[in-house]
Amino acid sequence: MGIKTGQDYINRVKSRKPEVWLGGRIVENIYDEPYFKQPINEIAKLYDAQHDPKYQDDITHICEETGMRVSNAFLFPKSKEDLQKRSKLFEVYARMTYGLMGRTPDFLNVVVTSLAQNAWFLEKYNKNWAKNIINYYKYLRDNDIFLTHAIVNPQNDRSKTSHEQKEIYTHLGTVNETPDGIVVKGAKMLATLAPITDEVIIYSFPGFAPGDEKYALAFAIPIDTPGLRIICREPMQDGTRSQFDHPLASRYEEADALLIFDDVLVPWDRIFLYNNVEAANLLYPMTGIAQQPAHQSGVRGYIKLAFIVEVACKLADSIGVDVYLNVQRDLGEIVQSVEVIRALLRVAEYEYTINDKGEAMPDADALETIRGMLPEMYPRAIEVMQTIGAGGLLMMPTENDFKHPELNADMDNHYAGRHGVSSEERIKLFKLAWDLCGEAFGMRLLQYERYYTGDPVRKRAIFYNKYKKGKKFSMVEEVLAKPIIDEAEAIEL
């Protein structure tokens, strides 16, 4: 029990038989499918890090309840030190994947930890919901389970609520109750890495209206539960591409999927919320499942942005264009964006609060500011990279060209960079950049950051309205209330 190894995780993948559709065919063997194999191995490395003396004390701890070593994602934070322990886990995992994998195991384990720590909220509505989430948290913690989630409705008619859709089960909803649980039908997205995870947890953003009761759900089930169909988006790579030509896409491609539930039975002990619009709308603000995971996504976003900026700087240096003032200005801008995110993370961790339940909460305004700025900073960094690489990004030879002796001279003469940068070194850098700023893999990463937490316009508007509601604008009131001192009074003073 407790932390698992990479091989333990791989064995679990091999033991499951989920219904996964990829390119119009069912995948019979998940682990041996080329498209999934390398991402599985990358996740396995994260599990192995828990046993590595270099990382173990930074990313795991001894559970007081069981005496077993478990991930820091399962730590109930009660102090600044606890938040920093979780932050270290987030950073280690993000650095191991360069921030390019958005659904590493730490993310959703923090979500469930937050739900369990705030089970009091669920208990107000149903004591079994509270008991279920606490037991599920312990199950994840003690078995080191890898979760995906699906919390967004399919993009059908966005002008209508769930119960107003053309088909009653376009969106995921309850069909009926049975002695063993509830039967659900419909679809949810966007289940990142679903085919290679152990389980899926379902919950939703606020926004339920009267009439949406059957769609107000939160539960978790194994990813290979009968009746659950997983339809993957078109792959950005097929699993056989050269790592020389595609150093990132060949390793870190995350399959996103639509989950279709066809009369799936959800056992009563796996239900955390059901048939209650009020509870569903309050789940986010009352349980910390936005604020605590925002800490993880903020750290991951910071590492990802820092990586992108490093690539852009190395790209500029490799062809000597960073001697020009306009390039220095652009690179300086994106370097400063990294520093802004880093500073906001430190503010979030040091200006923490302890709520009335004893939970240490990272500063919400700092984290929400990161969520507001990254959707603009990341695309800007990609734009700078595209501008620096210019036409050179379109004119790269392949690994096989470098291997052919007849082309050696051409490679050396025409693909080298500035003095001291060989043709192979320069092309490797350009291919690294192209994976990020030109390939479909990179464009998916770009879209991911733009809409990671939903509509960035709406999110920023919500942030402003909350700011306005809670702000007293005391400095404005103070200066307007100050008496005007006339000239005679001023002389006396």
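Keep in mind that this is a model prediction, so the values were computed, not measured. (Residues numbered from 1 in each chain as written. Predicted model: local features only at pLDDT ≥ 70, side-chain atom pairs only at ≥ 80, totals over all residues. Heavy atoms only, no water.)

*Asks:* What's the story with the overall build of the protein chain in this structure? I'm lost.
*Replies:* Each helix and strand in the protein chain was counted, giving 19 helices and 14 strands. On C-alpha atoms alone, the protein chain measures out to a radius of gyration of 25 Å, which is about the 23 Å that the 2.2 N^0.38 rule sets for 493 residues. For the protein chain, the spread of C-alpha atoms along the three principal axes comes to 90 × 75 × 50 Å. Here the protein chain holds 493 residues, and 52% of them are scored as buried. When contacts within the protein chain are restricted to residue pairs at least 6 apart in sequence, those whose partners lie at least 24 apart make up 76%. Surface exposure of the protein chain reaches about 23,000 Å², of which carbon and sulfur atoms provide 53%. One way to put it: in the protein chain the 58 positive side-chain charges average out to a point 2 Å from where the 71 negative ones average out. (Helix = DSSP H or I, 4+ residues; strand = E, 2+ residues; numbered from the N terminus. Rg over C-alpha atoms; globule rule 2.2 N^0.38 Å. Buried < 20%, exposed > 50% of the residue type's maximum accessible area, 1.4 Å probe, protein only. Contact = heavy atoms within 4.5 Å. Areas by Shrake-Rupley, 256 points an atom, 1.4 Å probe, with all protein chains shown as cover. Lys, Arg positive; Asp, Glu negative; His and termini not counted. Charge placed at Lys NZ, Arg CZ, Asp CG, Glu CD.)

*Asks:* For this particular structure, what's the right way to read helix α17 (residues 456-470)?
*Replies:* Two residues of an α-helix separated by three or four positions point the same way, owing to the 3.6 residues in each turn. Between its first and last C-alpha, α17 extends 21 Å over 15 residues, near the 21 Å set by a 1.5 Å rise per residue. The N-cap of α17, judged by a side-chain oxygen 3.0 Å from the amide nitrogen of Val457 a few residues on, is Asp455. (Expected span 1.5 Å × (residues − 1). Polar contact = N/O pair within 3.5 Å; in protein donor to acceptor, adjacent residues only side chain to side chain.)

*Asks:* How do you make sense of the sheet that holds strand β7 (residues 181-188) when you look at a structure like this?
*Replies:* Whenever strands of a sheet pair, they do so through backbone hydrogen bonds, lying parallel or antiparallel. Strands sit in the order β2-β1-β10-β11-β7-β6 across an open sheet of 6 strands; the sheet is mixed. In the strand order of this sheet, the two ends are held by β2 (25-26) and β6 (173-178), each with one partner. The sheet contact formed by strand β10 (residues 228-232) and strand β11 (residues 257-267) spans 5 bridges and is antiparallel. Within the sheet, the bridge partner assigned to Cys232 lies in β11 and is Ala257. (Pairing = 2+ DSSP bridges.)

*Asks:* Would you mind showing me how to read the nonpolar core here?
*Replies:* The tendency in soluble globular proteins is for nonpolar side chains to be buried side by side. Ranked by internal contacts, the top residues of the largest apolar core, which has 141 residues, are Tyr9, Phe36, Tyr203, Phe261 and Leu436. Per-element accounting of this core gives the leading share, 13 residues, to helix α10 (residues 291-318). Once residues lying within four places of it in the same chain are set aside, the contact partners of Tyr9 are Ile40, Ile43, Ala44, Tyr47, Phe146 and Ile196. (Core = buried A, V, L, I, M, F, W, Y, C linked by side-chain atoms within 4.5 Å.)

*Asks:* Which parts of the structure should I look at to understand the sheet that holds strand β9 (residues 217-222)?
*Replies:* Strand order in the open sheet made by the 4 strands is β5-β8-β9-β12, with mixed pairing throughout. Each end of this open sheet is capped by a strand with a single partner; those strands are β5 (147-150) and β12 (271-274). Here the strands of the sheet are splayed against their neighbours by 25° on average, with no regard to which way each runs. Alignment of β9 against β12, held across 3 bridges, turns out to be antiparallel. Within the sheet, the bridge partner assigned to Ala218 lies in β12 and is Leu273. Across the sheet, helix α7 (residues 127-143) is in contact with β5, β8 (199-202), β9 and β12; its angle to β12 comes to roughly 145°. (Axes fitted to C-alpha atoms, helices over the stretch in contact; angles between N-to-C directions.)

*Asks:* Before we go on, may I ask you to explain a nonpolar patch on the surface in this structure?
*Replies:* Nonpolar side chains collect at one region of the surface, where Tyr464, Tyr467, Phe473, Val476, Val479 and Leu480 lie side by side and expose about 600 Å² of accessible area between them. Only α17 and α18 (474-481) provide two or more residues apiece to the nonpolar patch. The greatest single-element share of the nonpolar patch, amounting to 3 residues, is contributed by α18. Of note, Val479 is situated in helix α18. (Patch = residues over 30% accessible without salt bridge, like charges linked within 9 Å, V, L, I, M, F, W, Y side chains within 5 Å. Salt bridge = Lys/Arg side-chain N within 4 Å of Asp/Glu carboxyl O.)

*Asks:* Please clarify how the packing of aromatic side chains should be interpreted in this entry.
*Replies:* How two aromatic rings sit relative to each other is given by the distance of their centres and the angle of their planes. Under the defined criterion, the tally for this structure stands at 17 aromatic pairs. With a centroid separation of 5.9 Å and 65° between ring planes, the pair formed by Tyr9 and Phe146 is classed as edge-to-face. Of this pair, Tyr9 sits in helix α1 (residues 6-15) while Phe146 sits in the loop between α7 and β5, and the two are 137 residues apart along the sequence. The class of Tyr9 is buried, set by a relative accessible area of 0%. A residue is classified by how much of its surface remains accessible, and Phe146, at 0% relative accessible area, is buried. Relative to Tyr252, the ring of Tyr98 has its centre 6.0 Å away and its plane inclined at 75°; by these criteria the two rings are edge-to-face. Of the two residues, Tyr98 is situated in the loop between α4 (80-97) and α5 (105-117) and Tyr252 in helix α8 (residues 249-252); the sequence distance between them amounts to 154 residues. On the basis of relative accessible area, Tyr98 is assigned to the partly exposed category, the value being 36%. Look at Tyr252 and you get buried, because its relative accessible area is 5%. Three or more aromatic residues joined by ring pairs make a cluster, and in this case those are Tyr9, Tyr47 and Phe146. Sitting above the plane of the Tyr378 ring, Lys304 keeps its charged end 4.7 Å from the centroid. Directly above the aromatic system of Phe430 lies the positively charged group of Arg426, at a separation of 4.4 Å from the ring centroid. (Phe/Tyr/Trp six-rings, centres within 6.5 Å; stacked < 30°, edge-to-face > 60°. Lys NZ or Arg CZ within 6 Å of the ring centre and 35° of its normal.)

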